Amino acid sequence: MDFLQQLNVWAKGDALQGKIMVGTGLLLALALPFLFKKEYPLFNGMFIPICLLVLVNLGYGGFLLYSRPKHVESISKLYQQNPRETVKKELQKARTDNKNYTLLKPIWAMLIIISALAFFFINNEYFKGASLGMICLSVGFLLIDTFLHYRLIPYLELTMDAVFSLSGVQIICDR
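Residues numbered from 1 in each chain as written. Predicted model: local features only at pLDDT ≥ 70, side-chain atom pairs only at ≥ 80, totals over all residues. Heavy atoms only, no water.

Undergrad: Quick question: what am I supposed to make of the overall build of the protein chain here?
TA: Looking only at helices and strands, the protein chain features four helices and zero strands. For the protein chain, the N- to C-terminal ordering of α and β elements is α-α-α-α. Relative to its length of 175 residues, the protein chain is extended, with a C-alpha radius of gyration of 20 Å against a globular reference of 16 Å. Dimensions along the principal axes, computed over C-alpha positions, put the protein chain at roughly 65 × 30 × 20 Å. When each of the 175 residues of the protein chain is scored for burial, the buried share is 35%. Partitioning the contacts of the protein chain with sequence separation of at least 6, the portion at a separation of at least 24 is 80%. Surface accessibility of the protein chain: about 10,700 Å² in total, with carbon and sulfur atoms responsible for 69%. Each charge class in the protein chain can be summarised by its mean position, and for the 17 positive and 12 negative side chains these summaries are 4 Å apart. (Helix = DSSP H or I, 4+ residues; strand = E, 2+ residues; numbered from the N terminus. Rg over C-alpha atoms; globule rule 2.2 N^0.38 Å. Buried < 20%, exposed > 50% of the residue type's maximum accessible area, 1.4 Å probe, protein only. Contact = heavy atoms within 4.5 Å. Areas by Shrake-Rupley, 256 points an atom, 1.4 Å probe, with all protein chains shown as cover. Lys, Arg positive; Asp, Glu negative; His and termini not counted. Charge placed at Lys NZ, Arg CZ, Asp CG, Glu CD.)

Undergrad: What is the right way to read helix 3 (residues 83–121) from this model?
TA: Each α-helix turn comprises 3.6 residues. Residues three or four places apart therefore point the same way. The end-to-end C-alpha distance of helix 3, which contains 39 residues, comes to 57 Å, matching closely the 57 Å that a straight helix rising 1.5 Å per residue would cover. Taken together, the buried positions of helix 3 are occupied by Thr-86, Val-87, Glu-90, Leu-91, Ala-94, Asp-97, Tyr-101, Trp-108, Ile-112 and Ser-115. (Expected span 1.5 Å × (residues − 1).)

Undergrad: Which parts of the structure should I look at to understand the environment of Gly-140?
TA: Residue placement: Gly-140 occurs in helix 4 (residues 125–167). Owing to a relative accessible area of 14%, Gly-140 belongs among the buried residues under this scheme. For the pair Gly-140 and Leu-152, spaced twelve residues apart in sequence, the C-alpha to C-alpha distance is 18 Å.

Undergrad: I tried to follow the packing of aromatic side chains on my own but got confused; where do I start?
TA: Aromatic rings in a pair are described by how distant their centres are and how their planes are angled relative to each other. Using the criterion set out here, one finds eight aromatic pairs in the structure. Put simply, the rings of Phe-3, Trp-10, Tyr-79 and Tyr-155 pair up and form one aromatic cluster. Its guanidinium or amino end placed over the ring of Phe-119, Lys-128 lies 4.3 Å from that ring's centre, counting from NZ or CZ. (Phe/Tyr/Trp six-rings, centres within 6.5 Å; stacked < 30°, edge-to-face > 60°. Lys NZ or Arg CZ within 6 Å of the ring centre and 35° of its normal.)

Undergrad: Where do I start with a nonpolar patch on the surface in this structure?
TA: Where nonpolar side chains cluster on the molecular surface, the patch consists of Phe-47, Ile-48, Leu-52, Leu-55, Tyr-126 and Phe-127 and spans about 580 Å² of accessible area. Those elements that place two or more of their residues in the nonpolar patch are helix 2 (41–81) and helix 4. Inspection of the secondary structure puts Ile-48 in helix 2. When its relative accessible area of 52% is taken as the criterion, Ile-48 is described as exposed. (Patch = residues over 30% accessible without salt bridge, like charges linked within 9 Å, V, L, I, M, F, W, Y side chains within 5 Å. Salt bridge = Lys/Arg side-chain N within 4 Å of Asp/Glu carboxyl O.)

See the structure below:
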């Protein structure tokens, strides 16, 4: 698969995830009024983290949905003009994204653990709800970043191969 094909596969996957995120955000937003009533302090504690999850799903999901097709279009045009520089810039971007996802996933996992421990050691119902909300928020972020990272890895590998092939350097390795 060449660079532009892999770029399209990666961008379509991210756009699909954006659709799923927006749909999930809309479902959560519609459910918020029914889930969080004043007489349940546990649910009231979950309100702010769940609202943040809704905002991220709607905001970042919408961003993915909007920006990925435009990114493919602009990179395709740049690739026609100067393939080597375009692939190098994409490689740098992919490496930065890979580094960010690699860094963020353990942070979300630690927040899940800390929130779960807080849930068991806190007696106040409102704060128990807040810790449950933080678990939901962290699990949501972990899922988002894991799926984005999972799709990025093949794109990163192919982009590295494209840089080397455009440079005229052959690398032989076992995969």
